[in-house]
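Here's the letter readout for the chains.
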Amino acid sequence: MNLFEAIASWPMITSFDLAGFTLLMFFIILSAIEAHRPRKKLPKSNLKNSYRVNITLLLFNSLVLSLLSVSSLLVVAEHFSGAGILSGMSDSLIKAALSLIVLDLVFYLWHKACHDFDVLWLFHKVHHSEPYLNASTAYRVHILEILAATLIKALSIVIFGFDKASVLAYELLMMLFVMFHHANIAFSREKDLGYLFITPYLHRVHHSTVRAEHDRNYGAVFSIWDRLFGTLIELEPKQIGLNSQPPLTFFKLLKFGVTSEPKANPVGDIPEAMPMIAEAAYFRAEKRGFEPGNEMLDWLEAEREVVRNAYAGNAIKKRFRFDIGTLLKLSLKNNGAMQS
């Protein structure tokens, strides 16, 4: 009997107890490290408020659904593990390993969707409202996000046929990593570890106030998905949280999660964006001989290119020089072409 089969054979209450105890001990260890050797010294009053609000949110979510969501996923897994894409695999260890990898990919895609679609960002922004990252930030999640994520995970279980031991193992592993990469800690060889796993250094930029930065590094456990899909960025953010959003109380967080507030245009978050776009649009127009009628297309294509590339890899090292003459020159060239 392998480890995963052994876990699956334990009584459910024992599995939950073990998972809960593991998470609690890991949280205590991370909190102790934060208190004695923090990466960055945070204001005590603000940090205390952060812990109080996040723990209250955890207790509220646990009472309402979060613990139930895990048990419901296990029930789904128990019924559908015999069907699905992975059901035909005879080697239980390989199936378990693939299950963990695919579940992490599902989380990556879900997390990215929460940033790409306003309807999902509506409640996901609660997590990003934390201005002081710490281990408790892992539990700063709106109840609606938990509900939606549970449905997505349940659907993936039906499609792939994950068994309940793999589901429980991944949920535990994911929460350990989520606490870890939100913790206010730093350690040697952290960047080396980041080649495979999401570390605090990689995840901090995901909480940047700059949209072009926090729309990156979506992984929970493995960093390979961000590397594979081109969403990885290695950069130290200047500020954490949401722009113009003060620390919120528990009740205000619940309300904040259902308050419509679409994400800002990413161009506005890049100080160099407008000059860079104008320069790029000018060169596009110049390349086609300033043929009239394509000015808007040139601008939109330049905008997409700047937003896509501005924060790819490391922070921008080369700045574009720009003055009002660039736009005037573009305008005069286009007007002259139209008159001729």
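Scroll up a little and you will see the structure.
If you're wondering where the values come from, they're calculated on a predicted model, not measured in any experiment.

Criteria and cut-off values
- Residues numbered from 1 in each chain as written.
- Predicted model: local features only at pLDDT ≥ 70, side-chain atom pairs only at ≥ 80, totals over all residues.
- Heavy atoms only, no water.
- Helix = DSSP H or I, 4+ residues; strand = E, 2+ residues; numbered from the N terminus.
- Contact = heavy atoms within 4.5 Å.
- Areas by Shrake-Rupley, 256 points an atom, 1.4 Å probe, with all protein chains shown as cover.
- Polar contact = N/O pair within 3.5 Å; in protein donor to acceptor, adjacent residues only side chain to side chain.
- Salt bridge = Lys/Arg side-chain N within 4 Å of Asp/Glu carboxyl O.
- Core = buried A, V, L, I, M, F, W, Y, C linked by side-chain atoms within 4.5 Å.
- Buried < 20%, exposed > 50% of the residue type's maximum accessible area, 1.4 Å probe, protein only.
- Expected span 1.5 Å × (residues − 1).
- Phe/Tyr/Trp six-rings, centres within 6.5 Å; stacked < 30°, edge-to-face > 60°.
- Lys NZ or Arg CZ within 6 Å of the ring centre and 35° of its normal.
- Patch = residues over 30% accessible without salt bridge, like charges linked within 9 Å, V, L, I, M, F, W, Y side chains within 5 Å.
- Axes fitted to C-alpha atoms, helices over the stretch in contact; angles between N-to-C directions.
- Parallel < 35°, antiparallel > 145°, perpendicular 65-115°, else oblique.
- Nonpolar A, V, L, I, M, F, W, Y, C, P; charged D, E, K, R; others polar.

(A) Looking closely at the overall build of the chain. Within the chain, the regular secondary structure consists of 15 helices and zero strands. Here the contacts in the chain between residues at least 6 apart in sequence split such that 76% fall between residues at least 24 apart. When the accessible surface of the chain is split by element, carbon and sulfur atoms take 66% of a total near 17600 Å².

(B) Summary view of the side chain of Glu130. By the secondary structure assignment, Glu130 is in the loop between helix H5 (118–128) and helix H6 (143–160). Among the polar contacts made by the side chain of Glu130, one reaches the side chain of Thr137 at a distance of 3.4 Å. In this view, Glu130 contacts Ser50, Asn54, Thr137, Arg140, Ile240 and Gly241; residues no more than four positions away in its chain are not counted.

(C) Here's a closer look at the pattern of salt bridges. Applying the stated rule across the entire model yields seven salt bridges. Its salt-bridge partner being Glu171, residue Lys153 comes within 3.0 Å of it at the nearest N-O pair. Of this pair, Lys153 sits in helix H6 while Glu171 sits in helix H7 (residues 164–182); the two residues are 18 residues apart in sequence, bridging distant segments of the chain. Here the salt bridges do not stand alone but share partners, grouping Arg39, Arg204 and Glu236 into one network.

(D) Geometry of the nonpolar core. If you look at the biggest cluster of nonpolar residues, it comprises 37 residues, and the most contacted ones within it are Phe162, Val167, Tyr170, Met174 and Met179. Counting residues per element, this core draws most heavily on H7, which supplies ten residues. Sequence-distant contacts of Met174, that is, excluding residues within four places in its chain, are made with Phe107, Lys153, Ala220 and Val221. Counting residues in each nonpolar core, the second largest holds ten residues, with Val53, Trp121, Leu254 and Phe256 among its members.

(E) Just H7, in detail. The terminal C-alpha atoms of H7, which comprises 19 residues, lie 27 Å apart, in line with the 27 Å expected from a rise of 1.5 Å per residue. Burial of H7 is extensive: 15 of the 19 residues sit out of reach of the surface. Two or three places before Ala165, at the opening of H7, Asp163 has a side-chain oxygen 3.2 Å from that residue's backbone nitrogen.

(F) Structural view of the packing of aromatic side chains. With the rule as written, the count across this model stands at ten aromatic pairs. On the basis of an interplanar angle of 20° and a centroid distance of 5.5 Å, the ring pair of Tyr108 and Phe229 is categorised as stacked. In this pair, Tyr108 sits in helix H4 (residues 92–116) while Phe229 sits in the loop between helix H11 (224–228) and helix H12 (250–256), placing the two residues 121 residues apart along the sequence. With a relative accessible area of 45%, Phe229 lands in the partly exposed category. With a centroid separation of 5.4 Å and an interplanar angle of 15°, the aromatic rings of Phe160 and Phe162 are classed as stacked. Residue classification places Phe162 among the buried positions, given a relative accessible area of 0%. The ring of Phe256 is capped by Lys125, whose NZ or CZ atom sits 4.6 Å from the centre of that ring.

(G) H5, seen in detail. Judged by how many residues are buried, H5 sits mostly within the fold: eight of eleven residues are covered. Turning to H5, its buried residues are Leu120, Trp121, Phe123, His124, Lys125, Val126, His127 and His128.

(H) Representation of a nonpolar patch on the surface in the model. A surface patch of nonpolar side chains, amounting to about 390 Å² of accessible area, comprises Phe21, Leu24, Met25 and Ile28. Inspection of the secondary structure puts Phe21 in helix H2 (residues 12–36). The exposure class of Phe21 is exposed, given its relative accessible area of 53%.

(I) How the structure looks around unusual backbone geometry. Backbone geometry at Arg189 places phi at a positive 65°, although glycine is not the residue there. Following the sequence through the fold, Arg189 ends up in the loop between H7 and helix H8 (190–193). Look at Asn217: it is not a glycine, yet its phi comes out positive at around 50°. Inspection of the secondary structure assignment puts Asn217 in the loop between helix H10 (211–214) and H11.

(J) Here's a closer look at the packing of H4 against H5. At a closest axis distance of 6 Å, the pairing of H4 and H5 adopts a crossing angle of 100°. By the angle between their axes, H4 is roughly perpendicular relative to H5. Together, Trp110, His111, Ala113, Cys114, His115 and Asp116 of H4 and Asp118, Leu120, Trp121, His124 and His128 of H5 make up the contact between the two elements. Residue classes in the contact of H4 with H5 are distributed as five nonpolar, four polar and two charged.

(K) Layout of the side chain of His206. Within the secondary structure, His206 sits in the loop between helix H9 (200–204) and H10. A polar atom in the side chain of His206 sits 3.3 Å from the side chain of His128. Excluding its chain neighbours within four sequence positions, the residues that come into contact with His206 are His111, His115, His124, His128, Glu213, His214, Arg216, Asn217 and Tyr218.

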